Amino acid sequence: MAKISFHHSDGNVDVLDVDPGTSLMRAAVTNGVDGIVGECGGQAMCATCHVYVRPEYLDALPEIGEDEEEMLECTAGPRDETRSRLGCQITVGDGLEQIEVDVPDDQI
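Computed from a predicted structure; not experimentally measured.

Trainee: Can you walk me through the side chain of His50 in this structure?
Mentor: Relative to the elements of secondary structure, His50 occurs in strand β3 (residues 50-53). Exposure remark for His50: the relative accessible area of 0% places this residue in the buried category. Looking at His50, its side chain comes within polar contact range of the side chain of Ser84, at 2.8 Å. In this structure, His50 is in contact with Ile36, Leu72, Thr75, Gly77, Pro78, Ser84, Arg85, Leu86, Pro104 and Gln107, ignoring residues within four places of it in sequence.

Right, here's the structure in full:
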């Protein structure tokens, strides 16, 4: 199992144990994590799964693709040029057994 921690601005943390191969967006939506909407179902077309990846996990992530880059320009919450990613484009497992992210206050 892989572990995903979703940190909220009110101090609450949702910690999920998920199967390898699960995206952050899918894990959040399936488990009712507040603040992650995933309107497009993981197609990198809506930016409602925007998260801020904690710095210690950034090096383990794949490069941002063109579609993700374009959608990050449309996030409801402010974009952090270093930490902003779409949760649908990050999959746990295969070298990323744990990740912690901050959930923006606004997604839509």
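Having seen the structure, we can now continue with the description.
Trainee: Mind showing me how you'd approach a negative patch on the surface here?
Mentor: A surface patch of negative charge is lined by Asp10, Asp34, Asp105 and Asp106. Its location among the elements puts Asp10 in the loop between β1 (2-7) and β2 (13-18). Judged by its relative accessible area of 57%, Asp10 is exposed.

Trainee: I keep staring at the pairing of strand β5 (residues 98-102) and nothing clicks. Help me out?
Mentor: Looking along a regular strand, one sees side chains alternate from face to face of the sheet. Of all five residues making up β5, four are buried, and the element is well covered by its neighbours. Strand direction decides the pairing type here: β1 and β5, joined by five bridges, are parallel. Opposite Phe6, over in β5, you have Val101 as the bridge partner. Where β3 and β5 come together, two bridges link them in antiparallel fashion. Counted as the bridge partner of Tyr52 is Asp102 from β5.

Trainee: Got a minute to help me understand unusual backbone geometry in this structure?
Mentor: Most peptide bonds are trans, and most residues other than glycine sit at a negative phi. Despite not being glycine, Ala44 shows a phi value in the positive range, around 55°. Residue Ala44 is classed as buried on the basis of its relative accessible area, which comes to 9%. One non-glycine residue with positive phi stands out, namely Ala47, at about 65°. The residue Ala47 is located in the loop between α1 (24-30) and β3 in this model.

Trainee: Sorry if this is basic, but what is going on with the pattern of salt bridges here?
Mentor: Summed over all chains, the structure comprises six salt bridges. Glu100 serves as the salt-bridge partner of Arg54, at 3.8 Å between the closest nitrogen and oxygen. Taken as a pair, Arg54 in the loop between β3 and α2 (66-72) and Glu100 in strand β5 lie far apart in primary sequence, 46 residues in all. Classification of Glu100 as buried rests on a relative accessible area of 17%. Its salt-bridge partner being Arg79, residue Glu73 comes within 2.5 Å of it at the nearest N-O pair. Ionic contacts of the salt-bridge type, sharing partners, join the residues Arg54, Arg83, Glu100 and Asp102 into one network.

Thresholds applied
Residues numbered from 1 in each chain as written. Predicted model: local features only at pLDDT ≥ 70, side-chain atom pairs only at ≥ 80, totals over all residues. Heavy atoms only, no water. Helix = DSSP H or I, 4+ residues; strand = E, 2+ residues; numbered from the N terminus. Buried < 20%, exposed > 50% of the residue type's maximum accessible area, 1.4 Å probe, protein only. Polar contact = N/O pair within 3.5 Å; in protein donor to acceptor, adjacent residues only side chain to side chain. Contact = heavy atoms within 4.5 Å. Patch = residues over 30% accessible without salt bridge, like charges linked within 9 Å, V, L, I, M, F, W, Y side chains within 5 Å. Areas by Shrake-Rupley, 256 points an atom, 1.4 Å probe, with all protein chains shown as cover. Salt bridge = Lys/Arg side-chain N within 4 Å of Asp/Glu carboxyl O. Lys, Arg positive; Asp, Glu negative; His and termini not counted. Charge placed at Lys NZ, Arg CZ, Asp CG, Glu CD. Pairing = 2+ DSSP bridges.

Any functional reading would require information beyond the geometric quantities listed.
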